[in-house]
Amino acid sequence: METTAHAATESLLPSAHPVQLLDPTGAEVPQTGTARDYAMPSAARLRAVWHAMVIGRRFDIQATALTKQGRLAVYPSSRGQEACQVGATLAIRPTDWMFPTYRESMALVTRGIDPVEVLSLLRGDSHCGYDPIATHTAAQCTPLSTQLVHAAGAAYGEKRRGRDSVALAFIGDGATSEGDFHEALNFAAVFESPTIFFVQNNKYAISVPLSKQTKAPSLAYKGIGYGVPAEQVDGNDPAAVLAVMDVALEHARSGKGPFLIEAHTYRLDAHTNADDATRYRSSDEVTAWLDRDPIARVEAWLKARGELNDDIVAATNAEAEARASELRDRMNAEPTVEPMSLFDNVFAEPTAQLEEARAMVQAELEAEATA
Amino acid sequence: MSSARPVTMGSALNTALRDSLRDDDDVLVFGEDVGTLGGVFRITDGLAANFGEDRCFDTPLAEAGIVGFAIGMCLTGFRPVVEMQFDAFAYPAFEQITSHVAKMRNRTSGRVGLPMVIRVPYAGGIGGVEHHCDSSEGYYAHTPGLKVVTPSDAADAYSLLREAIDDPDPVIFMEPKALYWSKQEIELPSRQPAFGKAVVRRKGTDVTLVTYGPSVPMALKAAEAAADEGWSVEVVDLRTIVPFDDETVVESVRRTGRCIVVSEAQGFAGVSGEVAARVSERCFHSLQAPVLRVSGLEIPYPAPMLEKIHLPGVERVLDAISRLQWDDQPDLTFAGGAV
């Protein structure tokens, strides 16, 4: 009996060390001793990831700048986490679901959602600027880990409908302490719900370091207790993120249930622009992580193979700059907000009480207009 | 010809679930113990056997998980009806209910509606131990985006649950568990007035008792007893707390000139206070006396052997009626805990 339990556990275990296919210099790392076989993604895929990371980083820097201009109420940067956000996003299909948190703006842009719609929540004109059903992308979630249970339910719904769509749900390291993380993994496992739980372990939950968040040797080990296979991956290695996502997706799509990924990465900026990261971490630590830049890493690999040259890099940088410029222009236009919409979507049909409140606000606005 | 027969509220709810499962393949019933066992109150009795475990199934014991999972299933077009087993057991799901269930339509500018029903057996009177008897309707009613429904008889239980399942918005369906075994001569299926429509359960001319759910039968008994003392008492059953039927309540109180709000829930900052405030605002010139509340005490729900003292009963309603004459300085000592 004991051996059976141990054997079952073996198949769930993550690799002893984070899976890495490219080292920080862009050199290929020989695959030995990983829990599963991970294949090097094609050059074409890595070029697509590199391209989206360049665009994504420039978007992120622009969004941070927009907070300084007062155009965004707040912005949680994901600069440095490009390999996670872009890699995981490009690994899934348009028909797959995504369940993002407030930090996944770059992932949403990579998904093809209009960046102005992505920033709606943070600008403050709407809680969600895009259509979750049309984009298969849930509203960015502010409470921690609550959307993981939704992801498990949506993935189960897809399975019940006879489709092979999966749900990809993002969280950070701190969110693994929340009760809903536990309930989501447990539900997904019991219902064999094709859900990929993608933890971006960026080392801090606002100011609280991982060491004060958990005693687990790796957040990926949390899968074992639920019967969910898991892997830990170098979250700054785009090739490894793609490879691990491929395995997780194959697992989920083939009816074997959920998969947990812990991506080791680092949040180069503060939690949000409202946070002062110098209070809780050293500049040496940040500098060390700058040397693990996911864009430089895959760029070096692509260049060494002749898949990329300086002209393409320059053209891509120009494209990123143009997109940022367009975003800046569009964000500088005042958003239109319709006051009467306040009452439109509390219920499908407003109650008598909402109609009364609507009439009051309407009268107030009319009085204001004629004053 | 009438084939009306005695139907309990519990079996009316079971029939409503059956009919909904039969009529709409997207309706699913799930929660802790709802499958093989048929629910601890047997409200889901036989559903798994009759409709298959795809349509009615047991989940892990995790209320946030049950509600959150239902949210996700709504995204793929299902209409989940989930059970919380007991009132206070729903509190772990409170974040999912208030932060997500209530807000999803609004957050997504109307693009994502959540046609789900959360069934919550609630309130006391059954000798339940701690955490099994809370009146939690106030929490839900205070949260914009949730419809809050509570039947008081079998006919309404059937009709309101069918409507809740058909509704495009999330409905917190509060089931007064002390009334599960109450019987009514009815023929199912039947439809009663729609959400947002209160019903006058007894006509009267001197005072209006506004009440709902578990307190309705008690209020009717009190009205009967008050008749012996010469009071003609009207009883209004709200049926749905959200949406709220100002019209029926106001029409009644303007006619009778007196109002007592009767609820099992504690009075302070609750639904009964809201009703009292609405009546005061709208009926001030018709009122012969202040609006009184007869409610549960301002205490954590007591141990079963003491619940009779906590629960509002006929005597307290009669006492409140007697204090409505207002010839003297009002004594508000026990009016909904106000002093």
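The name that an unreviewed UniProt entry assigns to chain B is Alpha-ketoacid dehydrogenase subunit beta, with the source organism given as Flexivirga aerilata. The UniProt entry for chain B carries the following comment under Cofactor (unreviewed entry): "thiamine diphosphate".

Identification of chain A as Pyruvate dehydrogenase (Acetyl-transferring) E1 component subunit alpha from Flexivirga aerilata is taken from an unreviewed UniProt entry. UniProt lists a comment for chain A under the heading Cofactor (unreviewed entry), and it reads "thiamine diphosphate".

Asker: So what exactly am I meant to see when it comes to the overall build of chain A here?
Answerer: For chain A, the helix and strand inventory stands at 14 helices and 7 strands. Against the compact-globule benchmark of 21 Å for 371 residues, chain A has a radius of gyration of 22 Å, which places it among compact chains. Along the first, second and third principal axes, the C-alpha atoms of chain A reach 75 × 55 × 40 Å. Out of the 371 residues belonging to chain A, those deemed buried represent 54%.

Asker: Got a minute to help me understand helix 9 (residues 246–256) of chain B in this structure?
Answerer: Three- or four-residue spacings in an α-helix give side chains the same orientation, since the helix completes a turn every 3.6 residues. Listing the buried residues of helix 9 of chain B in full gives B:Asp246, B:Thr248, B:Val249, B:Val250, B:Ser252, B:Val253 and B:Thr256. Along its buried surface, helix 9 of chain B packs onto helix 14 (352–370) of chain A together with strand 9 (199–202), strand 10 (207–211), strand 11 (233–237), strand 13 (259–266) and helix 10 (271–283) of chain B. At the N-terminal end of helix 9 of chain B, a side-chain oxygen is found 3.1 Å from the backbone nitrogen of B:Glu247, two or three residues along, and the residue is B:Asp245. Just downstream of helix 9 of chain B, B:Gly257 is the residue with a positive phi angle, here 80°.

Asker: Help me understand the side chain of B:Thr143, please; the structure alone is not making it clear to me.
Answerer: Residues and elements named next belong to chain B. Mapped onto the elements of the fold, Thr143 is located in the loop between helix 6 (137–141) and strand 6 (147–149). Take Thr143: its relative accessible area is 12%, and that puts it in the buried class. The residues contacting Thr143, other than those within four sequence positions of it, are Thr98 and Ala102.

Asker: I tried to follow the domain arrangement of chain B on my own but got confused; where do I start?
Answerer: Many descriptions give the size of an interface as the accessible area lost when the pieces come together. Residue and element names in this part refer to chain B. The domains assigned to chain B are domain 1 (8–186) and domain 2 (199–323). Using only C-alpha atoms to locate each centre, domain 1 and domain 2 end up separated by 26 Å. Between domain 1 and domain 2, the residue contacts involve 26 residues of the former and 19 residues of the latter. Its largest share of buried area at the contact with domain 2, domain 1 owes to Glu137, Thr150 and Ser152, together 24% of the area lost on that side. Linking domain 1 to domain 2 there are 3 salt bridges. A salt bridge links Arg201 to Asp153, with the nearest nitrogen and oxygen atoms 3.6 Å apart. In this structure, the connection of domain 1 to domain 2 is made through 11 residue pairs in polar contact (both at pLDDT 80 or more). At the level of elements, helix 6, strand 6 and helix 7 (154–166) are the ones that each hand at least two residues to the side of domain 1 that touches domain 2.

Asker: Help me out: how do you make sense of the environment of A:Gln81 in this one?
Answerer: Residues and elements named next belong to chain A. Position of Gln81 among the secondary structure elements: in the loop between helix 2 (43–68) and helix 3 (82–91). Judged by relative accessible area, which is 0%, Gln81 ranks as buried. Expressed as a C-alpha distance, the spacing of Gln81 and Thr176, which sit 95 residues apart in the sequence, is 18 Å. One polar contact links Gln81 to Asn202, side chain to side chain, over a distance of 2.9 Å.

Asker: What's the story with the state of the cysteines in this structure? I'm lost.
Answerer: Disulfide: a covalent bond connecting the sulfur atoms of a pair of cysteines. All names here are of chain B. Evaluated as defined, the whole model comprises 0 disulfides over all chains. Its sulfur unpaired, Cys56 is 17 Å from the next cysteine sulfur, which belongs to Cys74. Taking the relative accessible area as the measure of exposure, Cys56 reaches 0% and is therefore buried.

Asker: Would you explain the sheet that holds strand 1 (residues 97–99) of chain A in this entry?
Answerer: Strands in a sheet are paired, the pairing made by backbone hydrogen bonds, and the direction either parallel or antiparallel. Residues and elements named next belong to chain A. An order of 1-2-3-7-6 is seen for the 5 strands of this open sheet, with the pairing classed as parallel. Of all the strands in the sheet, the pair left with one neighbour each is strand 1 and strand 6 (230–234). Between one strand and the next, the sheet's axes are offset by a mean angle of 20°, whatever the strand orientation. Here strand 2 (residues 167–172) runs beside strand 3 (residues 195–201); their pairing, made up of 6 bridges, is parallel. Across the sheet, the residue bridging to Gly172 is Gln200, located in strand 3.

Asker: Can you walk me through the pairing of strand 6 of chain A in this structure?
Answerer: Strand residues, when the strand is regular, have side chains that alternate between the two faces of the sheet. Residue and element names in this part refer to chain A. The element strand 6 is extensively covered by neighbouring structure, given that 5 of its 5 residues are classed as buried. What you see with strand 6 is no split at all: Ala230, Gln232 and Asp234 on one side and Glu231 and Val233 on the other are buried throughout. Pairing analysis gives 5 bridges linking strand 6 to strand 7 (residues 259–264), with the strands arranged parallel. Considered in strand 7, the bridge of Ala230 is made with Leu260. For the crossover that starts at strand 6, traverses helix 10 (residues 238–256) and ends in the parallel strand 7, the hand is right-handed.

Asker: Got a minute to help me understand the interface of chain A and chain B in this structure?
Answerer: Tallying the contact residues gives 40 residues for chain A and 47 residues for chain B. Together chain A and chain B conceal approximately 3400 Å² of surface at their shared face, both sides included; 63% is due to carbon and sulfur atoms. Linking chain A with chain B are 2 salt bridges, by the criterion used here. A salt bridge links A:Glu356 to B:Arg282, with the nearest nitrogen and oxygen atoms 3.4 Å apart. Run the count over chain A and chain B and you get 17 residue pairs in polar contact (both at pLDDT 80 or more). At the level of elements, strand 1, helix 7 (132–135), helix 8 (146–160), helix 9 (179–190) and helix 14 of chain A are the ones that each hand at least two residues to the side of chain A that touches chain B. Element by element, the count of residues in the side of chain A that touches chain B is highest for helix 8 of chain A, at 10 residues. Partitioned by chemical class, the residues of the side of chain A that touches chain B number 20 nonpolar, 11 polar and 9 charged.

Asker: Explain the sheet that holds strand 2 (residues 27–31) of chain B to me, please; I cannot follow it from the model alone.
Answerer: All names here are of chain B. Pairing is mixed in the open sheet, where 7 strands are placed in the order 3-2-4-5-7-6-12. Pairing within the sheet leaves two strands with one partner each, and these edge strands are strand 3 (56–58) and strand 12 (240–242). With direction set aside, neighbouring strand axes in the sheet form an average angle of 20°. In the sheet, strand 5 (residues 117–122) pairs with strand 7 (residues 171–176) via 6 bridges, with the strands oriented parallel. Across the sheet, Val120 pairs through a bridge with Met174, a residue of strand 7.

Asker: Could you clarify how one ought to interpret helix 2 of chain A in this entry?
Answerer: Helix length check: helix 2 of chain A, at 26 residues, gives a terminal C-alpha distance of 38 Å against a target of 38 Å (1.5 Å per residue), a fit within 8%. Phi turns positive, to about 75°, at A:Gly70, one or two residues after helix 2 of chain A.

Asker: I'm lost on the pairing of strand 4 (residues 79–83) of chain B in this one. Help?
Answerer: All names here are of chain B. Across the 5 residues of strand 4, 5 count as buried, placing the element largely inside the fold. The alternating pattern of strand 4 places Arg79, Val81 and Glu83 and Pro80 and Val82 on opposite faces, both of which are buried. Summarising the sheet, strand 2 and strand 4 pair through 5 bridges and their orientation is parallel. Paired with Phe30 across the two strands is Val82, which belongs to strand 4.

Asker: Please explain the packing of aromatic side chains as it appears in this structure.
Answerer: In this description, a pair of aromatic rings is defined by centroid distance and the angle of the planes. One pass over the structure, following the stated rule, counts 23 aromatic pairs over all chains. Taking the centre distance of 5.2 Å and the plane angle of 55° together, the rings of A:Tyr156 and A:Phe191 count as tilted. Here A:Tyr156, found in helix 8, pairs with A:Phe191, found in the loop between helix 9 and strand 3; they are 35 residues apart in sequence, far enough to count as distant. Here A:Tyr156 matches A:Phe191 in class, with each residue buried. An aromatic cluster is defined as three or more aromatic residues linked by ring pairs; in this entry it consists of A:Tyr156, A:Phe187, A:Phe191, B:Phe30, B:Phe57 and B:Phe69. Here A:Arg161 stacks its cationic end above the ring of B:Phe78, 3.8 Å away from the centre of that ring.

What counts, and where the lines are drawn
- Residues numbered from 1 in each chain as written.
- Chains lettered and ligands numbered in written order.
- Predicted model: local features only at pLDDT ≥ 70, side-chain atom pairs only at ≥ 80, totals over all residues.
- Heavy atoms only, no water.
- UniProt positions renumbered as here; feature names shortened; annotations may be inferred.
- Helix = DSSP H or I, 4+ residues; strand = E, 2+ residues; numbered from the N terminus.
- Rg over C-alpha atoms; globule rule 2.2 N^0.38 Å.
- Buried < 20%, exposed > 50% of the residue type's maximum accessible area, 1.4 Å probe, protein only.
- Contact = heavy atoms within 4.5 Å.
- Polar contact = N/O pair within 3.5 Å; in protein donor to acceptor, adjacent residues only side chain to side chain.
- Domains from an automatic or database assignment.
- Buried area = accessible area lost by both parts, 1.4 Å probe.
- Salt bridge = Lys/Arg side-chain N within 4 Å of Asp/Glu carboxyl O.
- Disulfide = S-S within 2.5 Å.
- Pairing = 2+ DSSP bridges.
- Axes fitted to C-alpha atoms, helices over the stretch in contact; angles between N-to-C directions.
- Right-handed = clockwise from strand over helix to strand, strands pointing away.
- Nonpolar A, V, L, I, M, F, W, Y, C, P; charged D, E, K, R; others polar.
- Expected span 1.5 Å × (residues − 1).
- Phe/Tyr/Trp six-rings, centres within 6.5 Å; stacked < 30°, edge-to-face > 60°.
- Lys NZ or Arg CZ within 6 Å of the ring centre and 35° of its normal.

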